[in-house]
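Working through the structure, step by step
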Amino acid sequence: SSLSGAFEGATQVLVVSAGGTDVADNHHGVVIDAAIAAGAERVTYTRHQGEAPKSFFDPMPNHYATEKYLAASGTAYTSLRNGFYANFVPRLIGLALIRGVLLAPADGRVSWTTHPDLAEVAAAILAEPDKFEGPTPPFTAATRST
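First things first, this report covers the structure right here in the doc. (Residues numbered from 1 in each chain as written. Predicted model: local features only at pLDDT ≥ 70, side-chain atom pairs only at ≥ 80, totals over all residues. Heavy atoms only, no water.)

A separate point is the overall build of the protein. On a plain count of helices and strands, the protein comes out with five helices and six strands. Overall, the protein shows an N-to-C arrangement of helices and strands of α-β-α-β-α-β-β-α-β-α-β. In the protein, which comprises 146 residues, the share counted as buried stands at 34%. Of the contacts made within the protein by residues no fewer than 6 positions apart, 76% connect residues no fewer than 24 positions apart. Of the roughly 8500 Å² of accessible surface on the protein, 58% is carried by carbon and sulfur atoms. (Helix = DSSP H or I, 4+ residues; strand = E, 2+ residues; numbered from the N terminus. Buried < 20%, exposed > 50% of the residue type's maximum accessible area, 1.4 Å probe, protein only. Contact = heavy atoms within 4.5 Å. Areas by Shrake-Rupley, 256 points an atom, 1.4 Å probe, with all protein chains shown as cover.)

Looking now at the sheet that holds strand 1 (residues 12–16). The strand order across the open sheet formed by four strands is 1-2-3-6, and the pairing between neighbours is parallel. Two strands close off the open sheet at either side, each with one partner strand: strand 1 and strand 6 (134–135). In terms of strand pairing, strand 3 (residues 76–82) meets strand 6 through two bridges, oriented parallel. Looking at the pairing, Thr 78 lines up with Gly 134 of strand 6. Here helix 3 (residues 59–72) sits on the sheet in contact with strand 2 (42–48), strand 3 and strand 6, set at roughly 160 degrees to strand 2. (Pairing = 2+ DSSP bridges. Axes fitted to C-alpha atoms, helices over the stretch in contact; angles between N-to-C directions.)

Before going further, it helps to spend a moment on the nonpolar core. Phe 7, Val 13, Val 15, Ile 32, Ala 34, Ala 35, Ala 40, Val 43, Tyr 45, Leu 70 and Tyr 77 form the largest nonpolar core, which has 11 residues in total. Of all the elements in the fold, those that place two or more residues in this core are strand 1, helix 2 (24–37) and strand 2. With near-sequence residues (within four places) excluded, Ala 40 lies in contact with Ala 10, Thr 11, Gln 12, Val 13, Ala 35 and Thr 75. (Core = buried A, V, L, I, M, F, W, Y, C linked by side-chain atoms within 4.5 Å.)

If you check helix 5 (residues 115–127), its first and last C-alpha atoms are 18 Å apart, about what 13 residues at 1.5 Å a residue would give, namely 18 Å. Those residues of helix 5 lying buried are Leu 118, Ala 122 and Ile 125. The buried residues of helix 5 occupy one face: seen down the axis, they fall within an arc of 65 degrees. For helix 5, exposure combined with an orientation more than 90 degrees from the buried face picks out Pro 116, Glu 120 and Ala 127. Looking at the buried residues of helix 5, the elements they touch are strand 3, strand 4 (84–85) and strand 5 (112–113). (Expected span 1.5 Å × (residues − 1). Arc of directions from axis to C-beta.)

Scanning the entire structure with this criterion turns up four salt bridges. For the salt bridge of Arg 42 with Asp 130, the shortest nitrogen-to-oxygen distance reads 3.9 Å. Of this pair, Arg 42 sits in strand 2 while Asp 130 sits in the loop between helix 5 and strand 6, and the two are 88 residues apart along the sequence. A relative accessible area of 71% means that Asp 130 is categorised as exposed. For Arg 47, the salt bridge identified is with Glu 67, shortest N-O distance 2.4 Å. In this pair, Arg 47 is assigned in strand 2 and Glu 67 in helix 3, connecting sequence segments 20 residues apart. Per residue, the accessibility class of Arg 47 equals that of Glu 67, and both read buried. (Salt bridge = Lys/Arg side-chain N within 4 Å of Asp/Glu carboxyl O.)

Now for the pairing of strand 3. Both faces of the sheet carry side chains from a regular strand, because those side chains alternate between them. For strand 3, a buried count of six out of seven residues is recorded, marking the element as mostly surrounded by other parts of the structure. Direction of pairing for strand 2 relative to strand 3: parallel, over a ladder of seven bridges. In the sheet register, Arg 42 faces strand 3, and the bridge partner there is Ala 76.

Bear in mind that shape data such as this cannot, by itself, settle questions of function.
See below:
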């Protein structure tokens, strides 16, 4: 209930996706609704590229649901299609050791990105809110290694 007051006067709101997966889409919807109720004209959401409703990679179904919710909200929005966070590698390996399987793209190719690079892109898009409507192209690393 405090979010509407926190967003009061904001013309745009950046929703940084929740780290958990069990309730993330519900939390995202609450934040999106509060931003719109406070009068935000645009909501920008950080998510990953390659989301799918039945993905085995835990965050993807929530990103998919949140983007669909945001698109149906009727407000202007941008979904930042972030590459995979480089600092997430230790967690992926830890989960693989627990589960006995590494849940990543089948061909092993991943566009790793760093938070500072993604923050720079988000800031540029927030500075020019009309530049992107809906999903952005996938954000990848500045250089390609083979």
